[in-house]
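Summary of structural features
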Amino acid sequence: MKKKITLKHIARELDVSISTVSKALKNSPEIGKETKERVQAFAKKYNFRPNNIAISLKNRRTKNIAVIIPNIVHYFFTTTIRGMEKYANKLGYNLIICLSNESYDKEVANMEMLANGSIDGFIISLASETQLKHNFEHLTKIKEEGLPIVMFDRVANEVECDKVVIDDEKGAYLAVKKFIDGGCKNIAFITTKVYLSVSKDRMRGYRKALEDHGISYQENLVLELPSMKIDEQLIGNFLKEQKIDAVLSVNEIFAIHSMGLVQEKGVSIPKDISFIGFTDGILSRYANPGLTSVAQYGEKMGETAAKILIEKIESTIEEETYKTYVLKPKLIERSSTFK
């Protein structure tokens, strides 16, 4: 199958900028006759047909930004959208929010639907199925057609674009150290399969903290759930069968559900078992006891993602440079752990 030609390919082959190719194909008077003829001849030779957004000029922005998130169950994504909207609205941009519902196909469909001139760029946190499939072709295609992308939270290092994340490894490390400082030795980790970028990084922090404090990693103390959905039977059996005095959870929902299960058995928190979860959302604050949490600063992450994308949209610089912005985590202590 013949490889699809994009604006980026033409620019690279003719040693000009993507903007120059875009304007030449639009017959813009800003571009010299010779350059215009070279670009148009190349496009004709390879039967190149640019879409609307690929040849749109900077002064024809839609002022719309597409945000694709994997779910709305987790409070974290609500806070990221709040941060994006506050920043974007101040600059006259609107958000179009879509859910992938953890589906690769839906993520692809959302991007294809919107990449037709409806929006100026994408902010996206990858669906779990996208990371499982390890297929990022749709993202690369959109980027090559001239639309900027900013990833946040769940990212793919294989895609060259700006990214905003929290130091998940450090966050897990801080949580495990808190348990160890409180005298815990049998520290469990309830997580998801490590194909999720955040789960992989948090697993690394969990293991490193154990190692640095002379505690052996025990595979039986790690429960990897197949998805972000609560599996009551798996979690219940795990907590019943293992000798555990502390639980780190990849999110607050798993942590609070686990707290409820042990409390039903008459187990005291944190006297008998301590809990820490990621997110620090409303559930963490109002749980009984309150859940010690790794704060992810969702609003700050969303604001940063929107700021980076809008700067890219409005930039006149042709050179493509990308950066990963890493936010520092913080442990918010509550009653589910010893002070």
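Anything mentioned here points back to the structure above.
Here, residues in each chain are numbered from 1, in the same order as that chain's written sequence. In keeping with the model being predicted, local features are shown solely for residues with a pLDDT of at least 70 and side-chain atom pairs are shown and tallied solely at 80 or more, while totals for entire chains, interfaces and linings include all residues. Side-chain figures throughout are based on the complete set of non-hydrogen atoms in the structure, without hydrogens or water.

**Notes on the packing of helix 2 (residues 18–25) against helix 3 (residues 33–45)**
- Orientation is described by axes fitted as lines to C-alpha atoms, over the contacting stretch for helices, and by angles from 0 to 180 degrees between their N-to-C directions. Where helices and strands are cited, they refer to DSSP runs of H or I of at least four residues and of E of at least two residues respectively, numbered from the N terminus. Relative orientation of the contacting elements helix 2 and helix 3 amounts to 85 degrees, with a least axis distance of 9 Å. Taken together, helix 2 and helix 3 sit at an angle that is classed as roughly perpendicular. Facing T20, V21, A24 and L25 of helix 2, the residues of helix 3 in contact are T35, K36, V39, Q40 and A43.
- Polarity classes work like this: nonpolar for Ala, Val, Leu, Ile, Met, Phe, Trp, Tyr, Cys and Pro, charged for Asp, Glu, Lys and Arg, and polar for all others, with Gly in that last group. Residues that form the contact of helix 2 with helix 3 fall into these classes: 5 nonpolar, 3 polar and 1 charged. Reported orientations rely on four angle classes, namely roughly parallel under 35 degrees, roughly antiparallel over 145, roughly perpendicular from 65 to 115, and oblique for the rest. Contacts: residue pairs with any heavy atoms within 4.5 Å of one another.

**Focus: the sheet that holds strand 12 (residues 330–332)**
- An order of 7-6-8-9-10-12 is seen for the 6 strands of this open sheet, with the pairing classed as mixed. Of all the strands in the sheet, just strand 7 (222–225) and strand 12 have a single pairing partner and so form its edges. The mean angle between the axes of side-by-side strands here comes to 20 degrees, regardless of whether they run parallel or antiparallel.
- As defined by bridge partners, strand 6 (residues 187–192) adjoins strand 8 (residues 246–249) across 4 bridges and the pair is classed as parallel. The partner of I187 across the bridge, within strand 8, is A246.
- Sitting on the sheet, helix 10 (residues 232–241) touches strand 6, strand 7 and strand 8, and the angle it makes with strand 7 is about 175 degrees. One bridge is not enough; two strands pair if DSSP finds at least two bridges between them.

**Digging into the side chain of T304**
- You can see T304 is positioned in helix 13 (residues 298–314).
- Among residues more than four places away in sequence, those in contact with T304 are V164 and Y325.

**Description of the sheet that holds strand 4 (residues 149–152)**
- Strand order in the open sheet formed by 6 strands is 2-1-3-4-5-11, with parallel pairing between adjacent strands. Where the open sheet ends on each side, the last strands, each with one partner, are strand 2 (94–99) and strand 11 (324–327). Across the sheet, the axes of successive neighbouring strands diverge by a mean angle of 15 degrees, strand direction being ignored.
- As paired elements, strand 1 (residues 64–69) and strand 2 share 6 bridges and run parallel to each other. Bridge pairing in strand 2 links A66 to I96.
- On the sheet, helix 5 (residues 104–114) packs against strand 1, strand 2, strand 3 (121–124) and strand 4 and is oriented at approximately 150 degrees with respect to strand 2.

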